[in-house]
Amino acid sequence: MGIKIGDKPYAERIQAGIENSFMRQAVSSAQGRFRSGRLKAAEELGDWEDWRTLGEEIRHHTMENLDYYLHQLSEQVEKRGGTVFFAETAEEANAYVQEVAKKKQARKVVKSKSMVTEEIGLNEALEKSGCEVVESDLGEWILQLDEDPPSHIVTPALHKNKEQIRETFANKKGYTKTDQPEELAAFAREQLRKDFLEADLGVTGCNFAVAESGAVTLVTNEGNARMVTSLPDTHIAVMGMERVVPTWEELEVVVSLLTRAAVGQKLTSYITALTGTRLEDETDGPEDFHLVIVDNGRLKILGTEFQSALHCIRCAACINACPVYRHVGGHSYGSIYPGPIGAVLTPLLDGYEDHKDLPYASTLCAACTEACPVKIPLHEHLIRHREIIVEREQRGAKSEEWMMKGFAKWASTPAAYKMSTKMARTAMKPWTKDEQIEKGPGPLKGWTESRDFPAPAKKNFREWYKQREKRRGEA
Amino acid sequence: MKVSLFITCLCDTFTPDVGKDTVQLLERYGCDVDFPANQTCCGQPAFNSGYKQEAIKAMKQMIRAFEASQYVVGPSGSCVQMIKEYPHALKDEPEWRERAQAVAEKTYELTQFLVEVLHVEDVKSTFQGTATYHPSCHMTRLLGVKDAPRILLENVEGLHLIELPMKEDCCGFGGTFAVKNAAVSGQMVDEKAQHIDETGAEYLIGGDMGCLMNMGGCMSRNKQDVKVLHIAQVLNSQ
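Residues numbered from 1 in each chain as written. Chains lettered and ligands numbered in written order. Predicted model: local features only at pLDDT ≥ 70, side-chain atom pairs only at ≥ 80, totals over all residues. Heavy atoms only, no water.

Going by the annotation in an unreviewed UniProt entry, the name recorded for chain B is Lactate utilization protein A, with Halobacillus aidingensis given as the source organism. Per its UniProt entry, chain B bears the Sequence similarities (unreviewed entry) comment "Belongs to the LutA/YkgE family." As recorded by UniProt, the Function (unreviewed entry) comment attached to chain B reads in full: "Is involved in L-lactate degradation and allows cells to grow with lactate as the sole carbon source." (UniProt positions renumbered as here; feature names shortened; annotations may be inferred.)

Named according to an unreviewed UniProt entry, chain A is Lactate utilization protein B originating from Halobacillus aidingensis. Its UniProt record gives chain A a comment under Function (unreviewed entry), which states: "Is involved in L-lactate degradation and allows cells to grow with lactate as the sole carbon source. Has probably a role as an electron transporter during oxidation of L-lactate." Database annotation for chain A, UniProt heading Sequence similarities (unreviewed entry): "Belongs to the LutB/YkgF family."

In structure tokens form, the structure reads like this:
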């Protein structure tokens, strides 16, 4: 699939989101649950701000020394019998996994939830080389059956309700029972069990890799990742190159932040740490383990003013806090990474050409920055993106550019400013009725489609002040 | 104490009463208020749209206008926060950065100035009615002014405050966002107007004219019978 989803232009995607009242209802109630969960979990911890600071320091330190920790990680993985592959691009990562699948003569691949494999389009690549790929995370499985992209990075099928899920199961898998969540989940479990047993290859993402020991950790609630990593003989973990922590000590901090910020849990049901292949005296684990470390545009973010975007631990707290996301839903962003972090990351990873509207999909209210457990200044990154789009990329609309040039002249010439505020009321007169503008011209058109705009006052403040001073002088 | 009023372009043009109330309120507490006539707009519309060079022209004008002041006080969290951004925005021009820093350090939002500098928590105003308060995003999250408006409003005699549901949520204004992403902005402000309606309040009070124009415009269109007031108007009510 790749990072970009769909070909519809931004305005159409947004409109489709706004019109999807069911999806908005689902998103709104999920946001409510996640938010109150996060706030409660943060309060419970007591010193949330200190934890955030610690999280930020850990991520900052790791990014500053990324080469060191990745080197250490790869040495440790290899020492414990694994193979490490550094992929510069999505194509290189996919080709490597295809190659392993070919060597193993793999026909069936089971996966647990992983955003980076969505980003590189691994499923399509494996299908192309003849493998059957089965997503085993419940949300991802639903989406796979429906051929629908994720709309959220933690709960990918957030935009669907149980009735829609029942229909999908009925149409694609012959499901005959009700839309009770327990029955739906039991059906999925039963269906997937067969796939786990038949699979030749298990593919997972990696929440964090621990450099000091070469362990790959997975944070889940469904337990499916344990099946993926213990039943097939071969396990391939794919990770974004920034997803490393120095030691177990730092892991404890970032995992605590992740589970609390994401879903308001102290810990998720399963936190799995996998270190190396099965040894002779062990009964569990894969015979063969591969770690694919993916760059795909990350390295070029390092050392830039956007470096802190790499601090992201994919908790989605910013998405859950975002009022724009609530009204348009994940698919409107046209990227598998939606919401504020998506609007920051997507243009960095995939360029401005297809994503130049994303940095503007925010009121800069900073709810995202406030929610982020590792203190990424998301709204500041969005402003910086806008500067680049306008100044370096020259992608601003011409009409807007002229307006802003006019603005600069107006705001730096007091005489012009004074004159215009004085004349504003007269200028707006043709559109004014009962002190309101119901259908405004030019830039006000969009505003007045859904709300009134006030008429400028009869006498502006500075005239009042001037007259008052005059009166005082006379008195 | 000498205070220069930073009126903001919106209050200057659309709601001069807010300026009058701000002046009277400050004078009531012994401030010697002046109005530097060469002030214009803080530059935020250009800055937040990515037109930094254009915004810098506005910033420099504002720095020139307020350099000589002892204190600068404005009835807007968002516009005051913009001035706080000046030193960072001008980081590549050391001389201007320093001048910006000096202005930023002496600039305050109205309620912040009353509580933090003048140490006034009760302005002895009287206002009869039920109201709900919208804490605007830049004022609370960026400028960090969360308690001052609440403290001042709680001490207004006759005023009955009702908590606004999901009050932390943005109203959808976002400056040029309301123009560029008008449809999304419209949905956001509709939701906000609904929450205001749920409180049953007669008045909506806020500290930022942009947000108030947005919510007021929506409620006017919806024929919602809620009057919109800037906090300065309530605090100066006798």
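Moving on from the coordinates now.
Chemist: Before we go on, may I ask you to explain the sheet that holds strand β1 (residues 2-5) of chain B in this structure?
Modeler: Strand pairing within a sheet occurs via backbone hydrogen bonds; the two strands may be parallel or antiparallel. Residue and element names in this part refer to chain B. Taken in spatial order, the 4 strands of this open sheet run β2-β1-β3-β4, and their pairing is parallel. Looking at the sheet topology across the chains shown, the edges are occupied by β2 (32-34) and β4 (107-109). Shown here is a sheet whose adjacent strand axes are inclined to one another by a mean of 35°, direction ignored. Where β1 lies against β2, 3 bridges are found, and the strand directions are parallel. Within β2, the residue paired with Ser4 across the bridge is Asp34. (Pairing = 2+ DSSP bridges. Helix = DSSP H or I, 4+ residues; strand = E, 2+ residues; numbered from the N terminus. Axes fitted to C-alpha atoms, helices over the stretch in contact; angles between N-to-C directions.)

Chemist: Even after reading the chapter, I still don't get the interface of chain A and chain B, so can you show me in this structure?
Modeler: In many reports, interface size means the accessible area that the parts give up when they come together. Opposite the 65 residues of chain A that make contact, chain B presents 66 residues. The interface formed by chain A and chain B holds 11 salt bridges in total. At the boundary of chain A with chain B, the tally comes to 37 residue pairs in polar contact (both at pLDDT 80 or more). With 8 residues, helix α18 (residues 398-411) of chain A is the single largest residue contributor to the side of chain A that touches chain B. Here the side of chain A that touches chain B is composed, by residue class, of 33 nonpolar, 13 polar and 19 charged. (Contact = heavy atoms within 4.5 Å. Salt bridge = Lys/Arg side-chain N within 4 Å of Asp/Glu carboxyl O. Polar contact = N/O pair within 3.5 Å; in protein donor to acceptor, adjacent residues only side chain to side chain. Nonpolar A, V, L, I, M, F, W, Y, C, P; charged D, E, K, R; others polar.)

Chemist: What is the right way to read the pairing of strand β6 (residues 215-220) of chain A from this model?
Modeler: Every other side chain in a regular strand lies on the same face of the sheet, so the side chains alternate between the two faces. Residues and elements named next belong to chain A. By the criterion of burial, β6 is predominantly enclosed, with 6 of the 6 residues buried. Of the two faces of β6, the one lined by Ala215, Thr217 and Val219 and the one lined by Val216, Leu218 and Thr220 are each fully buried. Here strand β5 (residues 208-210) pairs with β6 via 3 bridges, running antiparallel. When the bridges of β6 are listed, Ala209 appears paired with Val216. Between β5 and the antiparallel strand that follows it, β6, lie 4 residues; Gly214 among them carries a positive phi value of about 75°. (Buried < 20%, exposed > 50% of the residue type's maximum accessible area, 1.4 Å probe, protein only.)

Chemist: What is the right way to read the UniProt feature "domain: Cysteine-rich" (unreviewed entry) in chain B from this model?
Modeler: Residues and elements named next belong to chain B. Residues given the UniProt feature "domain: Cysteine-rich" (unreviewed entry) here are residues 3-84 and 132-215. For residues 3-84, helix accounts for 55% and strand for 12%, while the C-alpha atoms at its two ends are 17 Å apart. Across residues 132-215, the secondary structure splits into 50% helix and 14% strand, with the terminal C-alpha atoms separated by 13 Å.

Chemist: Just to check I follow, could you spell out the domain arrangement of chain A for this structure?
Modeler: Domain annotation of chain A identifies domain 1 (10-294) and domain 2 (398-474). Placing a centre on the C-alpha atoms of domain 1 of chain A and another on those of domain 2 of chain A gives a separation of 53 Å. (Domains from an automatic or database assignment.)

Chemist: Please clarify how the domain arrangement of chain B should be interpreted in this entry.
Modeler: All names here are of chain B. What the domain assignment lists for chain B is domain 1 (2-116) and domain 2 (121-235). Inter-centroid distance (C-alpha atoms) of domain 1 to domain 2 is 22 Å. Counting from both sides, the interface comprises 29 residues of domain 1 and, opposite them, 23 residues of domain 2. The junction of domain 1 with domain 2 conceals about 2,000 Å² of combined surface from both sides, 69% of it contributed by carbon and sulfur atoms. When residues of domain 1 are sorted by the area they lose upon contact with domain 2, Gln81, Thr111 and Val115 head the list and together hold 24% of the total. If you look at where domain 1 meets domain 2, you find 0 salt bridges. Between the two partners, domain 1 and domain 2, sit 12 residue pairs in polar contact (both at pLDDT 80 or more). (Buried area = accessible area lost by both parts, 1.4 Å probe.)

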